[in-house]
Amino acid sequence: NEDSKSIEEQKRTMPQMQHTFGTTTDYHLPAGLRKTFPYKLRDMLSDRCLEGTITWTNDGTAWIVRDSRKLQTFLPSFFKHGRYKSFMRQVNLWGFKRTVDGPRR
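The paragraphs below set out a description of the structure included in this document. (Residues numbered from 1 in each chain as written. Predicted model: local features only at pLDDT ≥ 70, side-chain atom pairs only at ≥ 80, totals over all residues. Heavy atoms only, no water.)

### Some words on the nonpolar core
Side chains of a nonpolar character, in soluble globular proteins, are inclined to be buried together.
Here's step 1: The biggest cluster of nonpolar side chains holds 14 residues, and the ones touching the most others in it are F37, L41, M44, I54, W63, F79 and F87.
Here's step 2: Those elements giving two or more residues to this core turn out to be α3 (37-46) and α5 (84-93).
Here's step 3: The element that contributes the greatest number of residues to this core is α3, accounting for 4 residues.
Here's step 4: Setting aside chain neighbours within four positions, we find F37 in contact with F79, F87, Q90, V91, W94 and F96. (Core = buried A, V, L, I, M, F, W, Y, C linked by side-chain atoms within 4.5 Å. Buried < 20%, exposed > 50% of the residue type's maximum accessible area, 1.4 Å probe, protein only. Helix = DSSP H or I, 4+ residues; strand = E, 2+ residues; numbered from the N terminus. Contact = heavy atoms within 4.5 Å.)

Below, the structure is given as structure tokens:
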């Protein structure tokens, strides 16, 4: 699938994200590149307007969607769509894993 190839290629070409994703460290993209899903997700998680909607866990190693309906209203501010189902499709394509139990739940 061409979309999967492009996502896999993007994952391989973003090693600097491993050091900045999920921290307070600012990041910058090289000129001419557009933000990919993980960068946009980080922007969402950093947006104080969304604190009760999508947030980091206390230990900062995962994130939680607390109100999917409210999140859906904000999605067009970050993505080219406004559908929660499309957001979750991207979450899965990028390899994020759902945790349904344990200390982070």
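### Quick word on the side chain of T55
Here's step 1: The residue T55 is located in strand β1 (residues 54-56) in this model.
Here's step 2: Within the structure, the side chain of T55 is placed 3.3 Å from the side chain of R66, a separation counted as a polar contact.
Here's step 3: Among all residues touching T55, those that are not within four sequence positions of it are L45, L50, A62, W63, I64 and R66. (Polar contact = N/O pair within 3.5 Å; in protein donor to acceptor, adjacent residues only side chain to side chain.)

### Looking at the pattern of salt bridges
Two side chains carrying opposite charge are able to pair once their charged atoms lie near each other.
Here's step 1: A complete count under the given rule lists 2 salt bridges for this structure.
Here's step 2: Between D43 and K35 there is a salt bridge, with its nearest N and O atoms 2.5 Å apart.
Here's step 3: Since its relative accessible area comes to 21%, D43 is described here as partly exposed.
Here's step 4: With a relative accessible area of 34%, K35 lands in the partly exposed category. (Salt bridge = Lys/Arg side-chain N within 4 Å of Asp/Glu carboxyl O.)

### A closer look at the packing of α3 against α5
Here's step 1: Close contact between α3 and α5 brings their axes to 10 Å; oriented N to C, the two are set at 120°. By the angle class used here, α3 and α5 are oblique. Considering only the axes of α3 and α5, their crossing is left-handed. Between α3, through F37, L41 and M44, and α5, the contact on the second element is made entirely by F87, Q90 and V91.
Here's step 2: Taken together, the residues of the contact of α3 with α5 sort by class into 5 nonpolar, 1 polar and no charged. (Axes fitted to C-alpha atoms, helices over the stretch in contact; angles between N-to-C directions. Parallel < 35°, antiparallel > 145°, perpendicular 65-115°, else oblique. Left-handed = near helix turned anticlockwise from the far one by under 90°. Nonpolar A, V, L, I, M, F, W, Y, C, P; charged D, E, K, R; others polar.)

### Notes on α5
Here's step 1: Considered for burial, the residues of α5 that qualify are S86, F87 and V91. Looking straight down α5, one finds that the buried residues subtend no more than 150° of arc, so they occupy a single side. Residues K85 and N92 are exposed on α5 and point more than 90 degrees away from its buried face.
Here's step 2: Structurally, α5 contributes buried residues whose contacts are with α3, β1, β2 (63-65) and α4 (68-74). (Arc of directions from axis to C-beta.)

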